[in-house]
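This is what each chain is made of:
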Amino acid sequence: MIQTQLEALIRQALKKAQKKGDLPKFPMPEITVTRPRREGQGDYSTALPLQIVKPVNNALKEKGGGKLSPMQIGEILIKRLPQADFLDRAELAKPGFINLHLSPAWLARQAGAIVHQGPDYFKVDLGGGKKVQVEFVSANPTGPLHFGGARNAAIGDALARLLENSGYQVQREYYVNDRGTQIETFAMTLWRRYQQLFGLDVDIPADGYPGAYMIDYAKIIREEHGDSLLNLPEEAIIPRFRELGLKIVLDELKDDLAMMNVQFDEWFSEQSLYDDGTFARVFAILSEQGDLYEKEGAVWFRASKYIGGDRDEVFVRSNGEPGYFASDMAYHYHKFIVRGFDWVINVWAVDHQNQAKRLPPALKAFGIDPERLTIVLYDLVTLKRGGKEVKISKRSGEIITMREVLEEVGADAARYFLLSHSNEARIDFDIDLAVAQSSENPVYYIQYAHARASSILRKAADAGFAPSDAHLDLLACPEELALLRKMLQLPEVVLFAVERLAPHHLPHYALDLAKIYTNFYGHCRVLSDDPAQKDLTEARLMLVQAAKTTLAYVLGLMGMSAPEKM
RNA sequence: GCCCCCGUAGCUCAGUGGCAGAGCGGCGGACUUCUAAUCCGCGGGUCGCAGGUUCAAGUCCUGCCGGGGGUGCCA
């Protein structure tokens with residue numbers, strides 16, 4: 001990555017200046033090279049002279065020497081800057097910046113490098129092969145996924161793709177909450193709906209699931225089993241309907257998520273933690289450590305011991321059922337101790353913020369470093385139709401499902417829109433507006449840029465042209481160099497997005513890139529009949545191929561398609 | 001009460017301590033084109049308010065205002 005190479009160069013300059021006695025010795029500061037927002041300030045710049053003016057002058061004072069201004073320090077650093085093929089020149093700017101200009105010839109050669117290396121050109125190795133799990137969506141399996149789940153899916157899957165492209169070994173997991181109150185109520189509702197299909201005069205439970213989809217589920221069961229389940233023994237009803245209902249819902253979830261181009265490696269059952277003894281083991285460990293006690297008929301976990309404060313957590317409720325804290329503890333014991341993930345990322349909605357704060361330190365009870373669990377919180381999506389808010393409660397019967405929205409706006413547009421906001425910002429999503437604007441949506445603009453690049457390459461092949469790096473030095477006009485600079489930025493964007501687990505930088509970068517590519521397309525004709533232009537055509541074809549590679553790569557990171565034609 | 005998030009252009013939102021940005025909408029231009037799902041130009045701002053740190057604050061710190069969320073037997 002060019003940014004880190006520039007930083008290394010500056011570091012060398014500082015070391016050399018100190019060695020030669022131009023500057024006094026002091027601890028090496030953190031050196032950062034950033035992209036200036038304005039033109040004319042170089043491709044990168046550093047404020048190092050301003051940052052080190054104090055330590056420099058303090059050190060000089062101790063030796064009884066005079067003072068240096070930031071501009072003087074900058075001059076010294078530039079004098080000691082080593083040569084590099086990618087660096088054209090370094091300029092000093094007031095009040096003490098060093099502006100770094102990349103070599104245009106080197107930039108032009110990167111078109112070839114991108115084409116020859118392909119996506120590898122953009123990869124950064126942060127993970128070193130570490131095993132990381134991204135757990136996301138994990139909505140209760142009691143009905144269709146509502147649109148809020150689509151945001152979780154978009155963020156989680158983009159994070160997984162970012163990590164996969166940054167040297168991590170990634171597993172995608174969906175946690176299936178297939179035990180507890182909600183699922184019991186779900187099974188009971190399903191049983192009643194099934195009975196109603198046969199004309200029985202029964203009501204669904206008062207706190208049940210009134211949505212019409214429950215009737216559809218009941219019909220699926222009727223189709224497969226006819227009336228044979230009406231005479232089940234009392235104690236077999238709920239377990240049987242839970243099992244049948246779960247299968248229907250999970251199949252539906254898989255289909256819905258496939259529409260979003262999201263696939264999970266593992267659908268992890270909460271119930272399995274109780275069936276395979278994980279919960280019993282966790283209970284025994286905590287009990288042995290004296291971390292459990294009884295109060296008010298419930299078993300409590302001494303959370304305060306690990307988290308601080310004076311608040312403990314209910315572990316086993318007074319009705320004998322383990323609470324959510326217990327399940328989460330057992331689940332994460334399984335992730336870290338049984339399955340051995342180095343790092344786990346959970347994507348949760350903000351209404352879990354309290355648990356997000358408390359669960360990681362609680363894992364210290366198992367000797368697990370809380371740093372190994374990162375919880376990414378995202379705010380909710382407020383759905384609107386025609387400017388009016390639509391409530392998305394699963395229990396209202398008036399749910400807007402992810403499937404419904406995807407059918408209207410398409411998976412690519414939905415993913416782009418859901419990703420383009422920072423995780424912790426709330427999204428107002430007006431479905432009518434999204435549909436109405438779909439042809440003006442940035443997503444089509446970006447994909448169109450890719451389709452046009454593909455088209456040029458097809459046409460070129462028909463005309464007997466092929467991309468070539470024989471004359472890349474002909475790529476020298478501002479539009480071409482701007483495109484190359486933008487492509488070079490992608491690894492920095494990936495790094496930034498991974499470090500902050502903030503995939504929303506991807507759509508913004510993609511739009512910028514598409515805009516700069518389209519500008520190049522408008523200004524620089526690629527294909528030419530003039531034989532004298534052959535070298536330029538072949539060089540520009542290389543640039544087009546590189547741009548296509550870059551666009552496809554960033555679209556891929558967002559889980560979006562990169563069409564050859566539109 | 002306490003804790004977390006959000007507040008930036010008419011709208012929707014980016015913004016990594018280094019001279020405030022994009023998309024959409026508005027206004028004015030460009031279509032015998034390698035795909036017009038396009039391009040060029042213009043207008044638009046007390047970065048919620050007040051202090052503080054800093055050579056430099058939309059960005060860091062403190063307080064306040066407004067909106068949302070959380071706060072021991074739901075998950």
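This next bit is on the overall build of chain A. A count of helices and strands for chain A gives 20 helices and 14 strands. Taken along its principal axes, the extent of the C-alpha atoms in chain A is 85 × 70 × 40 Å. Looking at chain A as a whole, 53% of its 566 residues qualify as buried. Counting contacts in chain A only where the partners sit at least 6 residues apart, residues at least 24 apart contribute 73% of the total. When the accessible surface of chain A is summed, it comes to about 25800 Å², and 48% of that surface belongs to carbon and sulfur atoms.

R317, Y324, Y445, Y448 and Y521 are the nearest of the 61 residues found near RNA strand B. With respect to RNA strand B, the side chain of K295 contributes an N or O atom lying 3.3 Å from a base nitrogen. A distance of 3.0 Å separates a base nitrogen of RNA strand B from a polar side-chain atom of E296. Those elements that place two or more of their residues in the surface near RNA strand B are α2 (48-62), β8 (298-301), α13 (353-362), β14 (427-430), α17 (442-462), α18 (478-500) and α19 (505-523). It is α17 that provides the largest number of residues to the surface near RNA strand B, a total of 9 residues. Tallied by class, residues from the surface near RNA strand B come to 23 nonpolar, 17 polar and 21 charged.

Examined at the domain level, chain A breaks down into domain 1 (2-102), domain 2 (108-126 + 439-557), domain 3 (181-259) and domain 4 (276-332 + 353-372). Here the C-alpha centre of domain 3 lies 52 Å away from the C-alpha centre of domain 2.

A word on helix α7 (residues 213-225). The end-to-end C-alpha distance of α7, which contains 13 residues, comes to 18 Å, matching closely the 18 Å that a straight helix rising 1.5 Å per residue would cover. When α7 is considered as a whole, its buried residues turn out to be Y213, M214, Y217, A218 and I221. Along the long axis of α7, the arc covered by the buried residues comes to 150°, so they all point the same way. Just past α7, the residue G226 takes up positive phi, approximately 55°.

What follows deals with unusual backbone geometry. Positive phi, normally seen in glycine, also occurs at S138, with a value near 45°. Tracing the backbone shows S138 in the loop between β4 (131-135) and α5 (147-164). Non-glycine residue E296 carries a positive phi angle of around 50°. Mapped onto the elements of the fold, E296 is located in the loop between β7 (292-295) and β8.

Together, K16, K19, K20, K25 and K63 give the surface a local cluster of positive charge. You can see K25 is positioned in the loop between α1 (2-19) and β1 (44-46). The exposed category is assigned to K25, whose relative accessible area is 62%.

On to the pairing of strand β2 (residues 87-93). When β2 meets strand β3 (residues 97-102), the two strands line up antiparallel, connected through 6 bridges. Bridged to L92 within β3 is I98. The antiparallel hairpin formed by β2 and β3 contains 3 residues in its connecting segment.

On to the sheet that holds strand β9 (residues 313-316), then. If you walk across this open sheet you meet the 3 strands as β7-β8-β9, and the pairing is antiparallel. Sheet topology places β7 and β9 at the edges, where each strand pairs with a single neighbour. Ignoring which end each strand starts from, the neighbouring axes of this sheet average 45° apart. Pairing geometry for β7 and β8, over 4 bridges, is antiparallel. Directly across from Y293, in β8, lies its bridge partner W300. Set on the sheet, helix α12 (residues 324-338) makes contact with β8 and β9; between it and β9 the angle comes to about 75°.

What follows deals with the sheet that holds β14. With respect to topology, 3 strands assemble into an open sheet ordered β13-β12-β14, the strand pairing being mixed. Only two strands of the sheet have a single partner each, and these edge strands are β13 (388-390) and β14. Within the sheet, the average angular offset between the axes of one strand and its neighbour, ignoring direction, is 40°. When strand β12 (residues 381-385) meets β13, the two strands line up antiparallel, connected through 3 bridges. Directly across from K384, in β13, lies its bridge partner E389.

Per-residue confidence for chain A gives a mean pLDDT of 91; residues scoring 70 or more make up 97%. By mean pLDDT, helix α16 (residues 431-436) is the weakest element of chain A at 73, and β4 is the strongest at 98. Below pLDDT 50 for its whole length, residues 393-397 participates in 15 contacts with residues either more than four positions away or in separate chains. ipTM for the predicted complex: 0.94, alongside a pTM of 0.94.

Counting through the fold element by element, E313 comes out in strand β9. Residue contacts for E313: discarding those within four places in its chain leaves V299, W300, F301, A303, Y324, F325 and R358.

Burial runs high along β4: 4 of the 5 residues are buried. Note: β4 against strand β5 (residues 169-176), 5 bridges, orientation parallel. By the bridge assignment, V132 is partnered in β5 with V170. Where β4 meets strand β10 (residues 343-349), 4 bridges bridge the pair, whose relative direction is parallel. In the strand pairing of β10, V132 is matched with W343.

Rules used throughout
- Residues numbered from 1 in each chain as written.
- Chains lettered and ligands numbered in written order.
- Predicted model: local features only at pLDDT ≥ 70, side-chain atom pairs only at ≥ 80, totals over all residues.
- Heavy atoms only, no water.
- Helix = DSSP H or I, 4+ residues; strand = E, 2+ residues; numbered from the N terminus.
- Buried < 20%, exposed > 50% of the residue type's maximum accessible area, 1.4 Å probe, protein only.
- Contact = heavy atoms within 4.5 Å.
- Areas by Shrake-Rupley, 256 points an atom, 1.4 Å probe, with all protein chains shown as cover.
- Near = heavy atom within 4 Å.
- Polar contact = N/O pair within 3.5 Å; in protein donor to acceptor, adjacent residues only side chain to side chain.
- Nonpolar A, V, L, I, M, F, W, Y, C, P; charged D, E, K, R; others polar.
- Domains from an automatic or database assignment.
- Expected span 1.5 Å × (residues − 1).
- Arc of directions from axis to C-beta.
- Patch = residues over 30% accessible without salt bridge, like charges linked within 9 Å, V, L, I, M, F, W, Y side chains within 5 Å.
- Salt bridge = Lys/Arg side-chain N within 4 Å of Asp/Glu carboxyl O.
- Lys, Arg positive; Asp, Glu negative; His and termini not counted.
- Charge placed at Lys NZ, Arg CZ, Asp CG, Glu CD.
- Pairing = 2+ DSSP bridges.
- Axes fitted to C-alpha atoms, helices over the stretch in contact; angles between N-to-C directions.
- pLDDT = per-residue confidence, 0-100.

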